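If you want the building blocks of each chain, they are given just below.
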Amino acid sequence: MLRRGRLARQLLRLREEAGLTAKVAAAEAKKRAPGRSWSESKITRIENRKVLRVREVDLRVLLDIYGVTDETQREAYLKLAREASISGWWYGYRDVLGAGTYVDMENEASLIRTYQVQYVPGLLQTEAYARAVIRSGGVTDDAEIDRRVEVRMMRQHLLSRTDAPRLWAVIDETAFRKLPSDVAVDQIRHLIDIQRPSLRIQVLPDEAGPHAGMDGSFVVLDFPSDPTVVYVEQVGGGGLLVEEPEQTTIYETVLDHVQAAALSVEASRAWLEDRLSRLEERT
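Computed from a prediction, not measured in an experiment: that's the story for all the values here.

Reading guide: rules and limits
- Residues numbered from 1 in each chain as written.
- Predicted model: local features only at pLDDT ≥ 70, side-chain atom pairs only at ≥ 80, totals over all residues.
- Heavy atoms only, no water.
- Helix = DSSP H or I, 4+ residues; strand = E, 2+ residues; numbered from the N terminus.
- Buried < 20%, exposed > 50% of the residue type's maximum accessible area, 1.4 Å probe, protein only.
- Contact = heavy atoms within 4.5 Å.
- Areas by Shrake-Rupley, 256 points an atom, 1.4 Å probe, with all protein chains shown as cover.
- Lys, Arg positive; Asp, Glu negative; His and termini not counted.
- Charge placed at Lys NZ, Arg CZ, Asp CG, Glu CD.
- Pairing = 2+ DSSP bridges.
- Core = buried A, V, L, I, M, F, W, Y, C linked by side-chain atoms within 4.5 Å.
- Phe/Tyr/Trp six-rings, centres within 6.5 Å; stacked < 30°, edge-to-face > 60°.
- Lys NZ or Arg CZ within 6 Å of the ring centre and 35° of its normal.
- Axes fitted to C-alpha atoms, helices over the stretch in contact; angles between N-to-C directions.
- Expected span 1.5 Å × (residues − 1).
- Arc of directions from axis to C-beta.
- Salt bridge = Lys/Arg side-chain N within 4 Å of Asp/Glu carboxyl O.

Peer 1: Run through the overall build of the chain, naming residues and quoting values.
Peer 2: Counting secondary structure elements, the chain contains 13 helices and 6 strands. With the principal axes as the frame, the chain shows a C-alpha extent of 75 × 40 × 35 Å. The 283 residues of the chain split such that 46% are buried. Sequence-distant contacts in the chain: of pairs separated by 6 or more residues, those separated by 24 or more amount to 70%. Working note: accessible area of the chain is about 14,800 Å², and carbon and sulfur atoms make up 49% of it. Across the chain, the 40 positively charged side chains and the 44 negatively charged ones have centroids separated by 7 Å.

In structure tokens:
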């Protein structure tokens with residue numbers, strides 16, 4: 001998705017720099033390649049990342065129209081288009097993930113910063129907890145639950161890659177109060193065991209009082225060579241992608257305040273260990 005997004009942004013920039021509207025660009029493309037299907041909507045769909053694969057023959061036509069004649073530049077665009085068309089493992093789970101946009105971004109991120117209110121983040125969930133969360137969302141078919149759990153566990157493989165992204169999660173105490181009793185011990189133990197310098201967990205306790213993140217959960221994704229993107233969770237399992245710099249900066253500021261209000265990483269670990277100890281005493 002990031003490569004597709006980068007290509008889309010660059011093609012939009014090239015068209016605007018050429019002083020062409022999408023309608024004019026489409027008309028010119030139809031003249032140059034009458035055997036191909038061209039329309040204003042096709043141009044805008046490419047620029048809005050709705051086209052999963054920009055064919056090389058179409059890209060060459062657009063580069064001609066936008067005046068990109070340098071062969072090195074043209075090859076760079078063609079290479080980017082080829083990379084963008086490569087599907088990840090999640091392509092086979094479109095029935096669960098849809099276009100897989102968020103998972104695609106997650107896999108390309110170098111840093112994932114998340115604030116979660118109601119749930120432990122998906123990347124940090126145990127299988128049993130993931131199953132309980134998915135079932136609580138209204139999914140009742142066992143086969144579909146199994147498939148959704150499988151996808152969630154597969155997503156976690158990125159944390160064991162040699163180039164794994166750094167992860168910094170702030171989890172509200174609310175999420176821990178909502179842990180099902182039969183999975184709470186294993187889930188909290190997992191959060192303790194999985195921590196390392198590149199994977200930090202902070203707990204935002206109730207005693208912190210009102211804070212900047214009370215409007216809800218979100219994820220901030222940073223990339224090696226692309227702008228920061230924010231993913232805001234919405235009802236129904238979908239999400240809103242925020243890419244405008246002035247907007248992503250707002251979320252980053254909110255996250256800074258949330259991290260400051262939360263317990264430190266060390267104090268959070270102690271908080272988790274204390275909660276685990278009290279839960280184990282009850283069993």
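Peer 1: Residues and numbers for the pairing of strand β3 (residues 199-204), please.
Peer 2: Burial of β3 is extensive: 5 of the 6 residues sit out of reach of the surface. By the bridge criterion, 6 bridges tie strand β2 (residues 166-172) to β3 in an arrangement that is parallel. Bridge assignment links D172 to a residue of β3, and that residue is L204.

Peer 1: Explain the nonpolar core to me, and be specific about the residues and the numbers.
Peer 2: Formed by 36 residues in total, the largest nonpolar core has its most connected members in L124, L159, F176, I188, L191, L221 and L272. Sort the elements by how many residues they give to this core and helix α11 (residues 184-193) lands first, with 5 residues. Sequence-distant contacts of L159, that is, excluding residues within four places in its chain, are made with L123, L124, A164, L167, I194, R196 and L199. Counting residues in hydrophobic clusters, the runner-up holds 24 residues, among them A25, A26, A33 and V51.

Peer 1: Describe in detail the pairing of β2, supporting the description with residues and values.
Peer 2: With 5 of 7 residues buried, β2 is to be regarded as a mostly interior element. Pairing geometry for strand β1 (residues 111-116) and β2, over 6 bridges, is parallel. Note that in β2 the partner of R113 across the bridge is W168.

Peer 1: Requested: an account of the packing of aromatic side chains, with residues and values cited.
Peer 2: In this structure the tally under the stated criterion is 4 aromatic pairs. Every member of this aromatic cluster is reached through a ring pair, and the members are Y115, F218 and Y251. The ring of W38 is capped by K42, whose NZ or CZ atom sits 4.2 Å from the centre of that ring. The ring of W168 has R200 sitting right over it, with the charged end atom 5.0 Å from the ring centre.

Peer 1: Lay out the sheet that holds strand β5 (residues 229-233) with the relevant residues and their values.
Peer 2: Read from one edge to the other, the open sheet built from 6 strands follows the order β3-β2-β1-β4-β5-β6, with strand pairing classed as mixed. Whereas interior strands pair on both sides, the edge strands pair on one side only; in this sheet they are β3 and β6 (239-242). Within this sheet the neighbouring strands show an average axis-to-axis angle of 15°, counted without direction.

Peer 1: How would you explain the side chain of R15 if you had to name every residue and give the values?
Peer 2: As for its position among the elements, R15 is in helix α1 (residues 2-17). Those residues in contact with R15 that sit more than four places away from it in its chain are L20, T21, A22, A25, I43, E47 and Y66.

Peer 1: Account for helix α13 (residues 265-282), with residues named and values stated.
Peer 2: Between its first and last C-alpha, α13 extends 26 Å over 18 residues, near the 26 Å set by a 1.5 Å rise per residue. What α13 keeps buried is the set S268, W271, L272, R275, L276 and L279. One face of α13 carries all of its buried residues, which in axial projection span an arc of 130°. Within α13, the exposed residues directed more than 90 degrees away from the buried face are E266 and E281. For α13, the elements touching its buried residues are α10 (173-177), α11 and β3.

Peer 1: I'd like to hear about the pattern of salt bridges, residue by residue, with values.
Peer 2: Across all of its chains, the model carries 21 salt bridges by this definition. Its salt-bridge partner being R74, residue D64 comes within 2.9 Å of it at the nearest N-O pair. Residue D64 is located in helix α4 (residues 56-65), and its partner R74 is located in helix α5 (residues 71-84); the two are separated by 10 residues in the primary sequence. Look at D64 and you get partly exposed, because its relative accessible area is 38%. Judged by its relative accessible area of 8%, R74 is buried. Linking E280 and R189 is a salt bridge whose minimum nitrogen-to-oxygen distance equals 2.5 Å. Taken together, the residues E280 in helix α13 and R189 in helix α11 connect sequence positions 91 residues apart. The exposure class assigned to E280 is partly exposed, which follows from its relative accessible area of 34%. Assessed through its relative accessible area of 30%, R189 is described here as partly exposed.

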